[in-house]
Amino acid sequence: MPVKGSCHCGAVRIEVPHAPEWVGSCNCSLCTKTGWLVAYYPDADVKVEGETVAYVWGDRMIGIHHCPTCGCGTHWKTLGEDFGRMGVHARLLDGFDASKVEVRLFDNA
Ligand SMILES: [Zn+2]
């Protein structure tokens, strides 16, 4: 069942095909500060509406998008080589409860 979500102010709306079964929690310097919990989906299955701003960090080939109004991280996408999937900030999804899903810790520090 599709799940919708939005940033705090509602300017950015996201829809994914189903609720995440697990999310990634990463310990890199960015995720540590932003508290991202990432759910992965094929690019084609994710709808993002509204304007976002991409932060591109160093030579990492991903754009990390956020809402320019309220600042919530929304999703990330690769800039170069296609991974075939993208990341959505699971905390924005309606009804998301971090205590109800498996949280996989990624060691990227
Ligand atoms: Zn917003």
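Data block above holds the structure.
Notes on the structure in this doc start here. (Residues numbered from 1 in each chain as written. Predicted model: local features only at pLDDT ≥ 70, side-chain atom pairs only at ≥ 80, totals over all residues. Heavy atoms only, no water.)

Pairing of strand β6 (residues 53–56) with strand β7 (residues 62–66) involves 4 bridges; the strand directions are antiparallel. When the bridges of β7 are listed, V56 appears paired with G63. The antiparallel pairing of β6 with β7 creates a hairpin that spans 5 residues between the two strands, and G58 there sits at a positive phi of about 55°. (Pairing = 2+ DSSP bridges. Helix = DSSP H or I, 4+ residues; strand = E, 2+ residues; numbered from the N terminus.)

When its volume is computed, the largest pocket comes out at roughly 290 Å³. Lining the largest pocket we find 16 residues, and of these C26, C31, I62, W76 and N108 sit closest to its centre. Of all the elements in the fold, those that place two or more residues in the lining of the largest pocket are α1 (29–34), β4 (38–41) and β7. In terms of residue count, α1 provides more of the lining of the largest pocket than any other element does, 3 residues in total. Partitioned by chemical class, the residues of the lining of the largest pocket number 13 nonpolar, 2 polar and 1 charged. (1 Å grid on protein atoms, 1.4 Å probe; cavity = no way out; pocket = protein on both sides within 12 Å on 5 of 7 lines; lining within 4 Å. Points joined across faces, edges and corners; volume = space filled by probe spheres on them. Nonpolar A, V, L, I, M, F, W, Y, C, P; charged D, E, K, R; others polar.)

Read across the open sheet, the 3 strands follow the order β1-β2-β5; overall the sheet is antiparallel. Edge strands, defined here as strands with exactly one partner in the open sheet, are β1 (3–6) and β5 (47–49). Going across the sheet, the axis of each strand differs from the next one's by a mean of 15°, ignoring polarity. The pairing of β1 with strand β2 (residues 13–16) spans 4 bridges and is classified as antiparallel. Within β2, the position partnered with V3 by the bridge is V16. (Axes fitted to C-alpha atoms, helices over the stretch in contact; angles between N-to-C directions.)

Our focus in this paragraph is a nonpolar patch on the surface. On the surface, V56, M61 and L79 cluster together to form a nonpolar patch covering roughly 280 Å² of accessible area. Note on placement: M61 falls in the loop between β6 and β7. (Patch = residues over 30% accessible without salt bridge, like charges linked within 9 Å, V, L, I, M, F, W, Y side chains within 5 Å. Areas by Shrake-Rupley, 256 points an atom, 1.4 Å probe, with all protein chains shown as cover. Salt bridge = Lys/Arg side-chain N within 4 Å of Asp/Glu carboxyl O.)

On to the packing of aromatic side chains, then. To describe a pair of aromatic rings, one takes the distance between the centres and the angle between the planes. Counted under the stated rule, the structure contains 4 aromatic pairs. Their ring planes at 35° and their centres at 5.6 Å tell us that W22 and Y40 sit as a pair that is tilted. Within this pair, whereas W22 is found in strand β3 (residues 22–26), its partner Y40 is found in strand β4, the two being separated by 18 residues in sequence. Judged by its relative accessible area of 22%, W22 falls in the partly exposed class. Seen in terms of ring centroids, Y40 and W76 are 6.0 Å apart; in terms of plane orientation they differ by 70°. Their pairing is edge-to-face. Residue Y40 is found in strand β4, and its partner W76 is found in strand β8 (residues 73–78); the two are separated by 36 residues along the sequence. By relative accessible area, which is 10% here, W76 ends up buried. Grouping aromatic residues by their ring pairs yields a cluster made of W22, Y40, W76 and F106. Directly above the aromatic system of Y40 lies the positively charged group of R85, at a separation of 4.4 Å from the ring centroid. We note R104 situated over the ring of W22; from NZ or CZ to the ring centre the distance is 3.9 Å. (Phe/Tyr/Trp six-rings, centres within 6.5 Å; stacked < 30°, edge-to-face > 60°. Buried < 20%, exposed > 50% of the residue type's maximum accessible area, 1.4 Å probe, protein only. Lys NZ or Arg CZ within 6 Å of the ring centre and 35° of its normal.)

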